[in-house]
Amino acid sequence: MLAKPEQATRPKLLVDGLAKSYGATVALKPTHVAVQPGEFLTLLGPSGSGKTTLLQMISGLVLPTEGRLFVDGSNETDTPVHKRDIGLVFQHYALFPHLTVAENIGFPLKMRGKSRAEVDRQVKGALDMVQLGHLAGRFPRELSGGQQQRVALARCFVYQPSIILMDEPLGALDKKLREHMQFEIKRLHRQTGATIIYVTHDQEEALALSDRICLMNHAMVEQIGPPQEIYSRPRTAFAADFIGISNIFRGRVEIGSGGVAHLSTESGRYRIDGTGLSNNAEMALVVRPEHLELGSTGANEISGRVAEVVYAGSETRLLVDITAGELVTVRVLPGKPLPSIGETIRLSWAPEAAVLVTP
Ligand SMILES: Nc1ncnc2c1ncn2[C@@H]1O[C@H](COP(=O)(O)OP(=O)(O)O)[C@@H](O)[C@H]1O
Ligand SMILES: [Mg+2]
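Residues numbered from 1 in each chain as written. Chains lettered and ligands numbered in written order. Predicted model: local features only at pLDDT ≥ 70, side-chain atom pairs only at ≥ 80, totals over all residues. Heavy atoms only, no water.

Draft legend 1. Seen up close, the domain arrangement of the protein chain. Once the domains are mapped, the protein chain shows domain 1 (5–232) and domain 2 (245–352). The gap between the C-alpha centroids of domain 1 and domain 2 is 39 Å. (Domains from an automatic or database assignment.)

Spelled out as structure tokens, the structure:
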């Protein structure tokens, strides 16, 4: 059945110019984001970029200095926290220490006046969902960090809020457990269809989890889009640098006769697609490590000395010193011959494999 147009287009959540200042400190400039029903949106950015501030304003825990928040089309800017249909999970899980695992998970249901039988039934389901049924009678202090965080997830998902906000929920866990929990969160998202807004400063986590990433920097949104799009089509040098590994060459555009365009940089002059560019514009060229080839194969070439060979399991990375200490990263797949440290090599790339961004 086809969705009605207004259902298909009305966002679950509309951040309409929300902004926050603390005295002279601007924590978030006026921000506009529309989140679709069932979407997994990640706020990604360095520390201090305004991620938590935006999330807290959506939760109602922080009041905006300006702007409005719409949920399902209605203005909820002034709705108190406990009246919002929103679940929260933070890095410090804050389980009730004197309640068992089952009682912790059942707490939000009891608060909502559910019957004993109903609470028992839903708690059992939630425990199964995070595979903690065998620990129902334990107290938080008898659990590992990962188990405690799973209880916090179950407690959030159990009353089926249609919006779930998570602020660095896996920040305190080690890498292996974090990856496992990412998988659990993805599964819970799929099972429940909740709209999730997730905060992290970890780009790999954002790439792994998100339908879209909202990249933040200096109290504003830098770029928003699906992970693949931000990775392959970053719009700024910051975006290219923050997500994945990038080689960035800054320079000036030179449009020659017949429209042939080059970017003139300290390390060389590179052929670019000049469509829509003006002569002399300051731009940066982004070349991902997997688009650099060893040898003279493409239109653009540089040479340098191999400074380091870094083994990374599924690939090996070369750090190549091209000019006065500027390092370029190259990916070499397993089975390919590796140059030695100190060797001078040539690298090349096809112009269409590189992306021009604002510096
Ligand atoms: N309660 C507060 N009082 C004063 N400044 C704050 C407060 N909360 C956040 N800020 C400032 O706002 C900016 C954004 O903070 P925050 O949203 O916590 O960033 P992030 O979550 O991306 O690390 C920072 O410069 C921070 O110091
Ligand atoms: Mg934060």
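Draft legend 2. Spotlight on the pattern of salt bridges. According to the stated counting rule, one finds 13 salt bridges in the structure shown. Across the pair Asp72 and Lys12 runs a salt bridge whose closest N-O atoms are separated by 2.9 Å. With Asp72 in the loop between strand 4 (66–71) and strand 5 (74–75) and Lys12 in the loop between helix 1 (5–9) and strand 1 (13–22), this pair connects stretches of sequence that are 60 residues apart. Asp120 is paired through a salt bridge with Arg116; the nearest N and O atoms lie 3.8 Å apart. Taken as a pair, Asp120 and Arg116 lie in helix 4 (residues 116–129) at a separation of four residues, close to a single helical turn. Residue classification places Asp120 among the partly exposed positions, given a relative accessible area of 44%. (Salt bridge = Lys/Arg side-chain N within 4 Å of Asp/Glu carboxyl O. Helix = DSSP H or I, 4+ residues; strand = E, 2+ residues; numbered from the N terminus. Buried < 20%, exposed > 50% of the residue type's maximum accessible area, 1.4 Å probe, protein only.)

Draft legend 3. Geometry of the environment of Gly251. Relative to the assigned elements, Gly251 resides in strand 11 (residues 247–255). The exposure class of Gly251 is buried, given its relative accessible area of 15%. In this structure the C-alpha to C-alpha distance between Gly251 and Ala281, which are 30 residues apart in sequence, comes to 8.4 Å. Ignoring any residue separated from it by four or fewer positions in sequence, one finds Gly251 in contact with Leu263, Ser264, Thr265, Ala281, Glu282 and Met283. (Contact = heavy atoms within 4.5 Å.)

Draft legend 4. The arrangement of the packing of helix 5 (residues 145–157) against helix 6 (residues 175–192) in detail. Where helix 5 meets helix 6, the closest approach of the two axes is 11 Å, and the angle between their N-to-C directions is 15°. In terms of orientation, helix 5 and helix 6 fall into the roughly parallel class. Crossing of helix 5 against helix 6: the hand is right-handed. Contact residues: Gly146, Gln149, Arg150, Leu153 and Phe157 in helix 5; Leu177, Met181, Glu184, Ile185, Leu188 and Thr192 in helix 6. Looking at the contact of helix 5 with helix 6 residue by residue, the classes come out as six nonpolar, three polar and two charged. (Axes fitted to C-alpha atoms, helices over the stretch in contact; angles between N-to-C directions. Parallel < 35°, antiparallel > 145°, perpendicular 65-115°, else oblique. Left-handed = near helix turned anticlockwise from the far one by under 90°. Nonpolar A, V, L, I, M, F, W, Y, C, P; charged D, E, K, R; others polar.)

Draft legend 5. Representation of the sheet that holds strand 9 (residues 212–217) in the model. With mixed pairing, the six strands of this open sheet are ordered in space as 6-7-8-3-9-10. This sheet does not close on itself; its edge strands, each paired only once, are strand 6 (86–90) and strand 10 (220–225). The sheet shows a mean angle of 15° between the axes of neighbouring strands, taken without regard to direction. As judged from the five bridges shared by strand 7 (residues 163–167) and strand 8 (residues 195–200), these two strands associate in the parallel manner. Within strand 8, the residue paired with Ile163 across the bridge is Thr195. Those strands touched by helix 5 are strand 6, strand 7 and strand 8, and its axis lies near 170° from that of strand 6. (Pairing = 2+ DSSP bridges.)

Draft legend 6. Here's a closer look at the side chain of Gln122. Along the chain, the position of Gln122 falls in helix 4. Given the relative accessible area of 17%, Gln122 is considered buried. Once you skip the residues sitting within four places of it in the chain, Gln122 turns out to touch Leu109, Lys114 and Val158.

Draft legend 7. Up close: helix 6. If you check helix 6, its first and last C-alpha atoms are 26 Å apart, about what 18 residues at 1.5 Å a residue would give, namely 26 Å. Three or more residues of helix 6 are buried, namely Met181, Gln182, Glu184, Ile185, Arg187, Leu188 and His189. Elements that come into contact with the buried residues of helix 6 comprise strand 3 (40–44), helix 4, helix 5, strand 7, strand 8 and helix 7 (203–209). Residue Gly193 follows helix 6 closely and has a positive phi angle near 70°. (Expected span 1.5 Å × (residues − 1).)

Draft legend 8. Looking closely at the side chain of Gln223. Locating Gln223 in the fold gives a position in strand 10. One polar contact links the side chain of Gln223 to the main-chain carbonyl oxygen of Arg233, over a distance of 3.1 Å. A distance of 2.9 Å separates the side chain of Gln223 from the backbone nitrogen of Arg235, its partner in a polar contact. Gln223 has contacts with Ile213, Cys214, Leu215, Ile230, Arg233, Pro234, Arg235, Thr236 and Ala239, leaving out every residue within four places of it along the chain. (Polar contact = N/O pair within 3.5 Å; in protein donor to acceptor, adjacent residues only side chain to side chain.)

Draft legend 9. Examining the site of ligand 1 more closely. All residues adjacent to ligand 1 are Tyr22, Ala27, Pro46, Ser47, Gly48, Ser49, Gly50, Lys51, Thr52 and Thr53. Gly48 has a polar backbone atom sitting 2.7 Å from an oxygen atom of ligand 1. In isolation ligand 1 offers 560 Å² of accessible surface; the protein chains occlude 59% of this area. Tallying contributions element by element places helix 2 (residues 51–59) first for the shell around ligand 1, with three residues. Tallied by class, residues from the shell around ligand 1 come to three nonpolar, six polar and one charged. (Near = heavy atom within 4 Å. Areas by Shrake-Rupley, 256 points an atom, 1.4 Å probe, with all protein chains shown as cover.)

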